[in-house]
Amino acid sequence: EVQLLESGGGLVQPGGSLRLSCAASGFAFSNYAMNWVRQSPGKGLEWVSEISGSGGTIYYVDSVKGRFTISRDNSKNTLYLQMNSLRAEDTAVYYCAKDGISGRLQDHMDVWGKGTTVTVSS
Amino acid sequence: DIQLTQSPSFLSASVGDRVTITCRASQGISTYLAWYQQKPGKAPKFLIYAASTLQSGVPSRFSGSGSGTEFTLTISSLQPEDFATYYCQQLKSYPITFGGGTKVEIK
């Protein structure tokens, strides 16, 4: 069974840092691009970042560029999101999501984790 | 950035009703559109890709259509488990964007 399990969320002060992890299982992790998508309380979905299977191609939404870094360790089947200079508006549930087609980027997201909650507050 | 506008944002319907949700893109996106269902407190569930291709395991009462700038998600006969919020997503260009969502509630 294909599964994604996020961890690393929590309460952090404005300006602080947090690293999220997403452990993948049940599929050939290195063959698939992966995404982070977030959802602020009571709001809609916002795509945050995508990384190719090899890790060589990365995209971000403008609001996190220069503050967030997506990465992956294919030997550990794990996706990461390093979040620095956190702001109140980064408060959200963060989901990792797998692209649907092997070897492609910018694809539909067919499997999602349950999410991890990040709260930025003093 | 490509904006996606969903309508209506809220819909009240009864079991057995036919329901249609519209998603309009601010520029042409061919058929680079996906649909997701989300229930409260849960992760989104993938339903449809390439505007009209149903994901394996998704009930056939769901269907998608459209290309260019106008798309629809139709539920032919609403079931109790379909009450949820539905989002469209464009995959034509970065940043990937989602519509604002359509909440389907029980009448």
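Our structure's up above, just so we're on the same page.
Quick notes on the rules
- Residues numbered from 1 in each chain as written.
- Chains lettered and ligands numbered in written order.
- Predicted model: local features only at pLDDT ≥ 70, side-chain atom pairs only at ≥ 80, totals over all residues.
- Heavy atoms only, no water.
- Contact = heavy atoms within 4.5 Å.
- Buried area = accessible area lost by both parts, 1.4 Å probe.
- Polar contact = N/O pair within 3.5 Å; in protein donor to acceptor, adjacent residues only side chain to side chain.
- Helix = DSSP H or I, 4+ residues; strand = E, 2+ residues; numbered from the N terminus.
- Disulfide = S-S within 2.5 Å.
- Buried < 20%, exposed > 50% of the residue type's maximum accessible area, 1.4 Å probe, protein only.

(A) The interface of chain A and chain B, seen in detail. Counting from both sides, the interface comprises 21 residues of chain A and, opposite them, 18 residues of chain B. Summed over both sides, the interface between chain A and chain B buries roughly 1,600 Å², with carbon and sulfur atoms accounting for 65% of that surface. Per-residue buried area on chain A facing chain B is highest for Leu45, Gln106 and His108 of chain A; these three make up 40% of the total on that side. Across the contact surface, chain A and chain B share nine residue pairs in polar contact (both at pLDDT 80 or more). Residue assignment for the side of chain A that touches chain B shows that the elements contributing at least two residues are strand 4 (34-39), strand 5 (45-51) and strand 10 (109-112) of chain A. At four residues, the largest contribution of residues to the side of chain A that touches chain B is made by strand 5 of chain A.

(B) The arrangement of the state of the cysteines in detail. Taken as a whole, this structure holds two disulfides over all chains when the rule is applied. Between the sulfur atoms of Cys22 of chain A and its disulfide mate Cys96 of chain A the distance is 2.0 Å. Taking the sign of the torsion about the S-S bond as the criterion, the disulfide between Cys22 of chain A and Cys96 of chain A, at about 55 degrees, is right-handed. On the criterion of sequence distance, the pair formed by Cys22 of chain A in strand 3 (residues 18-25) and Cys96 of chain A in strand 9 (residues 92-99) is long-range, its members being 74 residues apart. The exposure classification of Cys22 of chain A matches that of Cys96 of chain A, with both residues buried. Each sulfur of the disulfide joining Cys23 of chain B and Cys88 of chain B lies 2.1 Å from the other. Note on the Cys23 of chain B and Cys88 of chain B pair: the S-S dihedral is about 75 degrees, so by sign convention the disulfide is right-handed. Residue Cys23 of chain B is located in strand 3 (residues 19-25), and its partner Cys88 of chain B is located in strand 9 (residues 85-90); the two are separated by 65 residues in the primary sequence. A relative accessible area of 0% places Cys23 of chain B in the buried class. Given the relative accessible area of 0%, Cys88 of chain B is considered buried.

Just geometry here; none of it tells us what the structure is for.
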